[in-house]
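Here is what each chain is made of, one letter per residue.
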Amino acid sequence: MNISQNLISIKNAIPKHVTLVAVSKTKPVSDIIAVYNAGQRIFGENKVQEMVEKHEQLPKDIEWHMIGHLQRNKVKHMAQFVSLIHGVDNFKLLEEINKQAKKHHRIINCLLQIKIAEEDSKFGMSPDIASGIIQSTQLSELKNINIVGFMGMATFTDNKDQVKKEFDVLKRTFDQLKPLQAFNFNPEVISMGMSGDYKLAIESGSTMIRVGSSIFGSRNYLKTED
Ligand SMILES: *Cc1c(COP(=O)(O)O)cnc(C)c1O
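Each chain carries its own residue numbering, running from 1 in the direction its sequence is written. Owing to the predicted nature of the model, reporting of local features is limited to residues with pLDDT of at least 70; listing and counting of side-chain atom pairs is limited to 80 or more, with chain, interface and lining totals taken over all residues. To get the side-chain values, all heavy atoms of the structure are used, and hydrogens and water are removed first.

(A) Just the packing of helix α1 (residues 3–13) against helix α2 (residues 29–37), in detail. Two elements in contact, α1 and α2, have axes separated by 8 Å at closest approach and are oriented at 45°. Classified by the angle their axes make, α1 and α2 are oblique. Crossing of α1 over α2 shows right-handed handedness. From α1, I3, S4 and L7 reach across to α2, where they touch D31, A34 and V35. When residue character is reported, Ala, Val, Leu, Ile, Met, Phe, Trp, Tyr, Cys and Pro are called nonpolar, Asp, Glu, Lys and Arg charged, and the others, Gly included, polar. Broken down by class, the residue content of the contact of α1 with α2 amounts to four nonpolar, one polar and one charged. Under this scheme, a helix contributes an axis fitted over its contacting stretch, all axes are lines through C-alpha atoms, and angles between N-to-C directions fall in the 0 to 180 degree range. The numbering of helices and of strands both runs from the N terminus, where a helix is a DSSP run of H or I of at least 4 residues and a strand a run of E of at least 2. Angles are sorted into four bins: roughly parallel if under 35 degrees, roughly antiparallel if over 145, roughly perpendicular if 65 to 115, and oblique for all others. In this scheme the handedness of a crossing depends on how the near helix is turned from the far one: anticlockwise by less than a right angle means left-handed, clockwise means right-handed. Whether two residues touch is decided by their heavy atoms; if any such pair falls within 4.5 Å, the residues are in contact.

Listed below in structure tokens is the structure:
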């Protein structure tokens, strides 16, 4: 199958309430255009510079999602156009996003990344820290951000029981924190699930899946893995 057929078969297989982010990191603009022409408008990248370059070259109705680990000093480069930042894992980063969003008279949508994987290498905050941030008076000063939900990454393993358990943690976190009240906390997104585990993620309550290799084919890990 070619990449536009891959896209269409995944779109047809997922429920309507689940948003598909096509993860185009390391892939050329020509591949993105093929998927765009098949109807996809939401693309995810994990490096700011790469996303900026692709944004410049591609149609302006694409919604760009930053899905990778984000350094504060990179926020300014994408503040003008990014439509959702998935991996917000500390308050200082929220402050920086707010500052840069304000410069562009925008409100930037963010997801708080929750650490759900057992392995140590994955970024993210605990549900308690997230809860504290949402209820803090400092958050109420950030008028140019909108926290629209949570993101998580499961452990990279074939053990489906473990992955399921980790997805359940994110769903439970969403359900527990959802009632918290803040003008800039409007949770509706649970971002979890990638090529290898998106079906399980949807069964566990995911509303947004981030799929790369199942659409675009495998990446060249030797040269380009982050
Ligand atoms: C690369 C990446 C994905 C997509 O991974 P695939 O296995 O290729 O679908 C999803 N989420 C994040 C955060 C990523 O970095």
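(B) Structural view of the site of the ligand. Around the ligand, the surrounding shell consists of V23, K25, I67, M151, M153, M194, S195, R210, V211, G212, S213 and R219. Any pair of N or O atoms that falls within 3.5 Å is considered a polar contact. Within protein, one atom must be able to donate a hydrogen and the other to accept it, and sequence-neighbouring residues count only if both atoms are side-chain atoms. A distance of 2.8 Å separates an oxygen atom of the ligand from a polar atom in the backbone of G212. A distance of 2.8 Å separates an oxygen atom of the ligand from a polar atom in the side chain of R219. For every accessible area listed, the method is Shrake-Rupley and the probe measures 1.4 Å; residues are considered covered only by the protein chains on display. Contact with the protein chains hides 91% of the accessible area of the ligand, taken as 390 Å² for the molecule alone. Tallied by class, residues from the shell around the ligand come to six nonpolar, three polar and three charged. Note on definitions. A residue lies near a molecule or strand when any single heavy atom of the residue is within 4 Å of it.

(C) The arrangement of unusual backbone geometry in detail. Although it is not a glycine, T26 adopts a positive phi angle of roughly 70°. We note that H105 has phi near 55°; this positive angle belongs to a residue other than glycine. Note on placement: H105 falls in the loop between α5 (91–103) and β5 (108–113). The exposure class of H105 is exposed, given its relative accessible area of 74%. Residue exposure (1.4 Å probe, protein chains only): buried if accessible area is under 20% of the type maximum, exposed if over 50%, otherwise partly exposed.

(D) Highlighting the packing of aromatic side chains. The aromatic pairing rule takes the rings of Phe, Tyr and Trp, using the six-membered ring of Trp, and pairs them if the centres are within 6.5 Å, calling planes under 30 degrees apart stacked, those over 60 edge-to-face and the rest tilted. Following the criterion strictly, the structure yields three aromatic pairs and no others. When the ring of F43 is compared with that of W64, the centres are 6.1 Å apart and the planes differ by 40°; the resulting orientation is tilted. In this pair, F43 sits in strand β2 (residues 42–45) while W64 sits in strand β3 (residues 63–66), placing the two residues 21 residues apart along the sequence. Taking relative accessible area as the criterion, W64 reaches 0% and is therefore assigned buried. Ring geometry for F150 against F185: centres 6.1 Å apart, planes inclined by 65°, an arrangement best described as edge-to-face. Taken together, the residues span a long stretch of sequence, with F150 in strand β6 (residues 145–151) and F185 in strand β7 (residues 185–191) at a distance of 35 residues. Comparing F150 with F185, the two get one shared label, buried.

(E) Inspection of the pairing of β5 at higher detail. In terms of residue burial, β5 counts as a mostly covered element, since five of its six residues are buried. Where strand β4 (residues 84–88) lies against β5, two bridges are found, and the strand directions are parallel. Paired with I85 across the bridge in β5 is C110. Between the parallel elements β4 and β5, the chain passes through α5 in a crossover that is right-handed. As judged from the six bridges shared by β5 and β6, these two strands associate in the parallel manner. Opposite I108, over in β6, you have I145 as the bridge partner. Pairing between strands is defined by DSSP: at least two bridges between the two strands are required. Here the term right-handed applies to a crossover when the path leading from its first strand over the helix to its second strand runs clockwise, the strands being oriented away from the viewer.

(F) How the structure looks around the side chain of K54. Within the element layout of this structure, K54 appears in helix α3 (residues 48–57). For K54, a relative accessible area of 5% translates into the label buried. Within polar-contact distance, the side chain of K54 engages the backbone oxygen of K27 at 2.8 Å. Not counting the four nearest positions on each side in its chain, K54 is found in contact with S24, K25, T26, K27, V29, I32, E45 and W64.

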